[in-house]
Every structure is written in C-alpha cells, then in structure tokens.
Amino acid sequence: MSLTHEIHFRLNGVMQRAAVGLQMSALQMLREVIGLAGTKYGCGEGECGACTIIVDGASVNACLLFAVDCDGRELTTIEGLARNAQTEALRKAFVAHGAVQCGFCTPGMVVQATHLLSQQANPDATAAKRAIEGNLCRCTGYLKIVEAIVDAGGQAQATEDRR
Amino acid sequence: MMATDCVERYLAPTGLAQALAALAEPGGAVVLAGGTDLMPQINAGRLRPATTLLNIRRVQGLAAIALDGDSLVIGALATLAALRSDALVRLHAPLLVEAADHFASDQIRNAATLGGNLCNASPAGDTLPPLLALDAELGLASLGEAGAVLERRLPLAEFFVGPGRTRLAAGELLTAVRLPLPPAGRITRFCKAGTRPALDIATISLAFAARRDDAGRLHEVHLALGAVAPIPLRARRAEALLEGRVLDAALAVEVARAAAGEATPIDDVRATAWYRRELVHNLTRRMLNDVAHA
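Quick caveat, the model's predicted, so the values are computed rather than measured.

1. Focus on the overall build of chain B
Moving on, step 1. Broken down by element type, chain B carries 11 helices and 14 strands.
Moving on, step 2. Along the first, second and third principal axes, the C-alpha set of chain B runs to 60 × 45 × 30 Å.
Moving on, step 3. In chain B, buried positions account for 48% of the 294 residues.
Moving on, step 4. Sequence separation of 24 or more characterises 65% of the internal contacts of chain B that already satisfy a separation of 6 or more.

2. A few points about the overall build of chain A
Moving on, step 1. Looking only at helices and strands, one finds six helices and five strands in chain A.
Moving on, step 2. Mapped from its N terminus to its C terminus, chain A presents α and β elements in the order β-β-α-β-β-β-α-α-α-α-α.
Moving on, step 3. In terms of overall dimensions, chain A has C-alpha extents of about 55 × 35 × 20 Å along its principal axes.
Moving on, step 4. Scored against the burial criterion, the 163 residues of chain A give a buried share of 45%.
Moving on, step 5. Sequence-distant contacts in chain A: of pairs separated by 6 or more residues, those separated by 24 or more amount to 60%.

3. A closer look at the nonpolar core
Moving on, step 1. Counting residues in hydrophobic clusters, the biggest one holds 146 residues, and the most contacted among them are Leu54, Leu225 and Ala259 of chain B.
Moving on, step 2. Sequence-distant contacts of Leu54 of chain B, defined by excluding residues within four places in its chain, comprise Leu11, Ala19, Ala22, Leu23, Ala29, Val30, Val31 and Leu32 of chain B.

4. Observations regarding the domain arrangement of chain B
Moving on, step 1. Parsing chain B into structural domains produces domain 1 (3-55), domain 2 (65-180) and domain 3 (186-293).
Moving on, step 2. Relative placement of domain 1 of chain B and domain 3 of chain B: their C-alpha centres are 36 Å apart.

5. Remarks on the sheet that holds strand β6 (residues 137-143) of chain B
Residues and elements named next belong to chain B.
Moving on, step 1. Strand order across the open sheet formed by five strands is β4-β5-β10-β6-β7, with antiparallel pairing between neighbours. Strand pairing shows two members of the sheet lacking a second neighbour, β4 (65-68) and β7 (149-155), which therefore form its edges. Here the average twist between neighbouring strands, direction ignored, is 30°.
Moving on, step 2. In this structure, strand β5 (residues 71-75) lies alongside strand β10 (residues 173-180), joined through five bridges in antiparallel fashion. By the bridge assignment for β10, Val73 is matched with Arg178.
Moving on, step 3. Docked against the sheet, helix α1 (residues 16-24) engages β6, β7 and β10, running at close to 75° with respect to β6.

6. So, helix α6 (residues 143-162) of chain A
Residue and element names in this part refer to chain A.
Moving on, step 1. Along its 20 residues, α6 runs 28 Å from first to last C-alpha, staying within 8% of the 28 Å computed at 1.5 Å per residue.
Moving on, step 2. Listing the buried residues of α6 in full gives Ile145, Val146, Ala148, Ile149, Val150, Ala152 and Gly153.
Moving on, step 3. Summarising the contacts, the buried residues of α6 are in contact with α3 (88-96), α4 (106-119) and α5 (125-131).

7. So, the packing of helix α10 (residues 249-262) of chain B against helix α11 (residues 273-293) of chain B
Residues and elements named next belong to chain B.
Moving on, step 1. Look at α10 against α11: their axes get within 8 Å of each other, and the N-to-C directions meet at 150°. On the basis of the axis angle, α10 is roughly antiparallel to α11. Regarding α10 and α11, the two cross each other, and that crossing is right-handed. For the pair α10 and α11, contact is made by Ala249, Ala252, Val253, Val255, Ala256, Arg257, Ala259 and Ala260 and by Arg277, Val280, His281, Thr284, Arg285, Leu288, Asn289 and Ala292, respectively.
Moving on, step 2. When its residues are assigned to classes, the contact of α10 with α11 shows 10 nonpolar, three polar and three charged.

8. Describing the packing of α3 of chain A against α4 of chain A
Residue and element names in this part refer to chain A.
Moving on, step 1. Running from N to C, α3 and α4 point in directions that differ by 130°, and their axes come no closer than 10 Å. Put simply, α3 runs oblique to α4. The hand of the α3/α4 crossing is right-handed. The residues of α4 that touch α3, namely those facing Leu90, Arg91 and Phe94, are Val110, Ala113, Thr114 and Leu117.

9. Some thoughts on the interface of chain B and chain A
Moving on, step 1. Opposite the 27 residues of chain B that make contact, chain A presents 26 residues.
Moving on, step 2. Breaking the side of chain B that touches chain A down by element, the ones donating at least two residues are α2 (38-43), β3 (52-55) and α6 (106-109) of chain B.
Moving on, step 3. Take the side of chain B that touches chain A: its biggest share by element is four residues, from α2 of chain B.
Moving on, step 4. A class-by-class count of the residues in the side of chain B that touches chain A yields 15 nonpolar, eight polar and four charged.

10. Structural notes on the sheet that holds strand β13 (residues 218-226) of chain B
Residues and elements named next belong to chain B.
Moving on, step 1. Taken in spatial order, the four strands make up an open sheet running β11-β12-β13-β14, and their pairing is antiparallel. Edge positions in the sheet fall to β11 (186-193) and β14 (233-234), since each has one partner strand and no second.
Moving on, step 2. In this structure, β11 lies alongside strand β12 (residues 204-212), joined through eight bridges in antiparallel fashion. Note on β12: the bridge partner recorded for Thr188 is Ala209.
Moving on, step 3. Across the face of the sheet, helix α5 (residues 94-101) comes into contact with β11 and β12 while running at roughly 15° to β11.

11. Some details on the domain arrangement of chain A
Residue and element names in this part refer to chain A.
Moving on, step 1. Looking at chain A, the domain boundaries give domain 1 (4-81) and domain 2 (85-162).
Moving on, step 2. Put simply, the middle of domain 1 and the middle of domain 2, counted by C-alpha atoms, are 22 Å apart.
Moving on, step 3. The element best represented in the side of domain 1 that touches domain 2 is strand β3 (residues 52-55), accounting for three residues.
Moving on, step 4. Its residues placed into classes, the side of domain 1 that touches domain 2 shows eight nonpolar, five polar and one charged.

12. Here we look at unusual backbone geometry
Moving on, step 1. A positive phi angle, near 75°, is found at Tyr142 of chain A, a position not held by glycine.
Moving on, step 2. Of note, Tyr142 of chain A is situated in the loop between α5 and α6.

So, how was this worked out
For every chain, the first residue of its written sequence is number 1, and the numbers climb from 1 along that sequence. By the order in which they are written, chains take letters starting at A while ligands take numbers starting at 1. Two thresholds apply to this predicted model, a pLDDT of at least 70 for residue-level local features and 80 or more for giving and counting side-chain atom pairs, whereas whole-chain, interface and lining totals are computed over all residues. Put simply, DSSP marks the helices as runs of H or I at least four residues long and the strands as runs of E at least two long, and each gets a number from the N terminus on. Residue burial is a threshold on neighbouring C-beta atoms within 10 Å of the residue's own C-beta, all placed from the backbone, with 20 or more meaning buried, 12 or fewer meaning exposed, and counts in between meaning partly exposed. A pair of residues counts as a contact when their C-beta atoms, built from backbone coordinates, are separated by no more than 7 Å. Note on terminology: a nonpolar core is any set of buried Ala, Val, Leu, Ile, Met, Phe, Trp, Tyr and Cys residues joined through C-beta atoms within 7 Å. The source of the domain bounds is an automatic or database domain assignment. Note on pairing: DSSP must find at least two bridges between two strands before they are called paired. Axis geometry follows a simple rule: fit a line to the C-alpha atoms, using only the stretch in contact for helices, then measure angles between N-to-C directions, giving values from 0 to 180 degrees. Take the residue count of a helix, subtract one, and multiply by 1.5 Å to get its expected span. Orientation is classified from the angle alone, with under 35 degrees giving roughly parallel, over 145 giving roughly antiparallel, 65 to 115 giving roughly perpendicular, and any other angle giving oblique. By definition, any crossing whose near helix is turned counterclockwise from its far helix by less than a right angle is left-handed, and any crossing with a clockwise turn is right-handed. Classes in brief: Ala, Val, Leu, Ile, Met, Phe, Trp, Tyr, Cys and Pro nonpolar; Asp, Glu, Lys and Arg charged; the others, Gly included, polar.

Here you go:
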C-alpha cells in the first residue's frame, strides 16, 4: 500500500501542488514528481551534499527531508538560483575559477555557497571551507571552489561599496 | 519490506495536546522532527512499525530557547544550528555550542533537532556527553486523563537504557532540555575524535565541566564519555579523583588512566575497543593538561 498526501508549497517563487508518498524524500519529489533534475542524488544519506536545497532560508539535504514536510514551506533549488540576479556573481566566479569539473557536485555547492553568502556576505577561505564541509567533490580538490566562493563574496562587496 | 508500509496516516499538528493525543493512540506513532536520522532509518528498513507518521515540527513553542528562573530551557525542536548561534546558549552553555559546531555538516545542523539527537539515543550522539556534563534534565510531556498536558522531569543520566533505547514511556514526548545556569568559575571542554572534522560519527567523545575555586581546586567535576559503552556515561571514578584537587600533570595521568578503565567499548567499523580506550586515556590527559594551564 502506498499512501499519498497532498502538499502545497512555494518552489522557486511559484506555488506548487504535489501528491507525495509518506516516506518519499523531497529529493525524489523534486526529481521524479515535479521533474526538476538539477538537484542531484549522490549518496541518499546526507553525506555528500549534492542534493542541497534551501528551505525557509536555510540549506538542507533534500534526501533527508520528508516530502510531506515541505507543506507550506518555501523551497529554492538550483533552478531557482539560475534565474536569480543575486547569485550572478557566484555563478560567474565558479566559471572564472574553473570550479566545475564533472559538474555533479556543482548544484549542491552553488546552493550551499548561496546560503553561506546570505549569512556572511564576505567570507574568508576558512568560512568557505567550513560551509562546504557537507559537500563532497571528487574532481577539483576543493581549492577552486573555495576560491570561487571567496571571490564571489568579495565581488558582491565591491559592487556594494561602489553604490 | 519497509516497516512504514503499515503507516496509515500522516499528522502534522500545531498544538502539543494534539500531538500527544496522536502519540497515545493504540498502534503508536513514529515521531518525525528534523528527519535527518529518521529518513536513513526508513531507507534501511530499520523503523519500528506504527500506524501513524507524526510530524511534530509544526508544534508551537517547542523550538524556543529561554531562561526560566535559574535554568536555561532549550525546546526539543531547537536545531543544532540554533544551538550553535543562540546568544543564551553561547553565554550559559558554551560546551553545547562547541558540540553543535562539531555536529555533522551545515545542512544537517539546519534540520537536525536536539530532541532528535537525544531520542535516537546513539551512544555516539554528539550532544549527549555535553548535556550529561552539564547536568541536563529532560521535560517529558504526556496527556492526562482530562486531556491536560502533564510534564515530568527526568535527569538525563537516567534517560538512556541502551543503544537506541530510552526511558521515554509510551505516549510521552520529549519537549525540553533544562540546564542549570553555570556557577562562577565554570570550566568546560569538549573533545571529539574521528577521522575527519565534519560529518563523522564520533570514535569517542569527551565532555568536561567543573567549577574552579580561587585556590585552583576543582569542584562538581563532571567527565562524560561518548561512544565507549552502550550508553553515554559519566566516568565517576575519574571525577572523584579530581574532586577538591588542584590539577597537575601527575594527577592528569592518574585521572586519564581511571577514565580509560571505566570505558567499556566495543570493536566496530570505526575503531577497535583497544584503540577507543587509548583515545579516552590520551585525550583525557591532554584535555586535563589544557584545563590545568587555562
């Protein structure tokens, strides 16, 4: 028997309705029910961060979040950030620093970095490293990712200072 | 087959009495809070059967952190992220802040709750030794006959029975953790050993709390050990050696030996029992030397 429960929530700024199983994860809902495949399935147990999304302003692992618990909440995925002017500096910095190699960890890294920058506008390398402790990358060795995040914070700060 | 196949309904009440009523029904309920441990348990088919999935995350008031007389009261739904940043916790229980800082990853800290960490009752739970060292007391709520919410208090030291098992009675919900406010001269230390700083289950952990008087003597010494026994435990013999004494290098060695002797670890994927005892010994000594020189 597979019971479903209807939920309503805001996804990347748009109200959304979905019928989800009681033990379904938000990750499965995003990818298989709604059809947004930008959020990646890596480990399915909160170790790799590839499925990081923002829920009510805080980053979480979508694989550990119950889909039913999304009811009434506000979710932002990488698809939402791709159209977001505030993340432009971050996206450009990832490209400029070559912080993307195979790309599988990238959505989670960008979402997690966005959360960091929302908490701390101009992080140093130590803060960037602490923020992505829960995001595994098997290609880059992290250095370029950390540099991109620090650079994005600095650029946003410089833009702010010019205003 | 997953045990949740027998789950027949989902509830997400906003009131404590409604949540307790659902919990008291025959068939019971699986309690969902942050979900960071429950989801992997479900995926591994390790969930106990129940007819209801009870999401308590919307119950009003259970995430609050506030002072109540001479206690700091932390709601069971307070996230690890909240513990790490809350001004009251930072002021009155920096030991807990340190443990929260070593807890999993940012993403998990944003979802995981203090109540969930306690009720999962893993011997390696990161917040357990610090809360034992701080003399935490739990508020456990249940529904009385007239539908009134009853609360009993239980010292945390009496809460754990074994791995994954607690003295939480049927129909009871952990609602709050109460910490007595620290005395003047309080010293605390936390230490977690693992293979990497983040997202690691403790191989062992230590939490220390004591009061140091003007003459440098230690009082009300608490030394709690994690991941070295079926439940987190206080190293009582080690504590007794420190009581009323001024710490020096020789005493630190003696206490470290006693603490290692009190640990009853097992061999598992993370470490052998022998290695865990060595860690307890060496890290206790190092921690006490640090306290002596602080």
